[in-house]
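The lines below spell out each chain.
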Amino acid sequence: MDPVLQPEPHPAEIVASWTWGAPIGYIYVEKHLKIDPVRGPLIVKLFEMIATGQATKANALAHLTRLGLRTVRGKKPLNSETVARLLKNELYAGWMVAK
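Residues numbered from 1 in each chain as written. Predicted model: local features only at pLDDT ≥ 70, side-chain atom pairs only at ≥ 80, totals over all residues. Heavy atoms only, no water.

Draft legend 1. The arrangement of the overall build of the protein chain in detail. Secondary structure assignment for the protein chain yields four helices and two strands. Along the protein chain, helices (α) and strands (β) appear in the sequence α-β-β-α-α-α when read from the amino end. Taking all 99 residues of the protein chain together, 27% fall into the buried category. By sequence separation, contacts in the protein chain at least 24 residues apart represent 43% of the contacts at least 6 residues apart. For the protein chain, the accessible surface area stands at approximately 7,200 Å², while carbon and sulfur atoms represent 58% of it. (Helix = DSSP H or I, 4+ residues; strand = E, 2+ residues; numbered from the N terminus. Buried < 20%, exposed > 50% of the residue type's maximum accessible area, 1.4 Å probe, protein only. Contact = heavy atoms within 4.5 Å. Areas by Shrake-Rupley, 256 points an atom, 1.4 Å probe, with all protein chains shown as cover.)

Draft legend 2. Focus on the environment of Leu-91. Residue position: Leu-91 is located in the segment after helix H4 (80-88). What makes Leu-91 buried here is its relative accessible area of 8%. Distance in space between the C-alpha atoms of Leu-91 and Pro-23 is 8.7 Å, their sequence separation being 68 residues.

Draft legend 3. Region of the structure containing the packing of helix H2 (residues 40-51) against H4. Axis separation between H2 and H4 bottoms out at 11 Å; the angle between their running directions is 85°. Classified by the angle between their axes, H2 and H4 sit roughly perpendicular to one another. Across the interface between the two elements, Ile-43, Leu-46, Phe-47 and Ile-50 from H2 touch Val-83, Leu-86 and Leu-87 from H4. Its residues assigned to classes, the contact of H2 with H4 comprises seven nonpolar, no polar and no charged. (Axes fitted to C-alpha atoms, helices over the stretch in contact; angles between N-to-C directions. Parallel < 35°, antiparallel > 145°, perpendicular 65-115°, else oblique. Nonpolar A, V, L, I, M, F, W, Y, C, P; charged D, E, K, R; others polar.)

Draft legend 4. Main features of the pairing of strand E1 (residues 26-29). The pairing of E1 with strand E2 (residues 32-35) spans four bridges and is classified as antiparallel. Within E2, the position partnered with Tyr-26 by the bridge is Ile-35. Once E1 ends, the chain turns through two residues before running back antiparallel as E2, passing Glu-30 with a positive phi of about 50°. (Pairing = 2+ DSSP bridges.)

Draft legend 5. How the structure looks around the side chain of Asp-36. Here Asp-36 shows up in the loop between E2 and H2. Polar contacts involving the side chain of Asp-36 include one to the side chain of Arg-39, which spans 3.1 Å. The contacts of Asp-36, once residues within four sequence positions are left out, are Gly-25, Tyr-26, Ile-27 and Pro-41. (Polar contact = N/O pair within 3.5 Å; in protein donor to acceptor, adjacent residues only side chain to side chain.)

Draft legend 6. Main features of the nonpolar core. Within the largest apolar cluster, 18 residues are counted, with the highest numbers of intra-cluster contacts made by Ile-24 and Leu-69. Among the elements of the structure, H2, helix H3 (57-66) and H4 are those that each provide at least two residues to this core. Ignoring anything within four residues of it in the chain, the contact list for Leu-69 reads Ile-24, Arg-39, Leu-42, Ile-43, Leu-64, Pro-77 and Leu-78. (Core = buried A, V, L, I, M, F, W, Y, C linked by side-chain atoms within 4.5 Å.)

Draft legend 7. Region of the structure containing the pattern of salt bridges. Taken as a whole and judged by the stated rule, the model has two salt bridges. Arg-39 is the salt-bridge partner of Asp-36, the closest N and O atoms lying 3.1 Å from each other. Of the two residues, Asp-36 and Arg-39, neither departs from the other in class, the shared state being buried. Arg-85 serves as the salt-bridge partner of Glu-81, at 3.2 Å between the closest nitrogen and oxygen. Placement of both Glu-81 and Arg-85 in helix H4 is noted, with a separation of four residues, approximately one turn of the helix. Overall, the relative accessible area of 53% leaves Glu-81 in the exposed class. (Salt bridge = Lys/Arg side-chain N within 4 Å of Asp/Glu carboxyl O.)

Rendered as structure tokens:
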């Protein structure tokens, strides 16, 4: 098949080899990022709530904390600073940027 006509992979599947820890909403499996089946949908909901104006960052964070959103290690709820960094992280838009 012509490579131009092939469907584009999901952004998380584009990364050939990921050397850093998995960001919230992803898991690290065999040197690749995969969407975390537990936290991934909560991260999507966070972006949706803020992008649509349904909630402020603080309200969205409180709602998702009640739904079980926790840090990568799963012990602590996210804080507002973590949410601010997450919303600016280009990986969630499908971009892998190495600095």
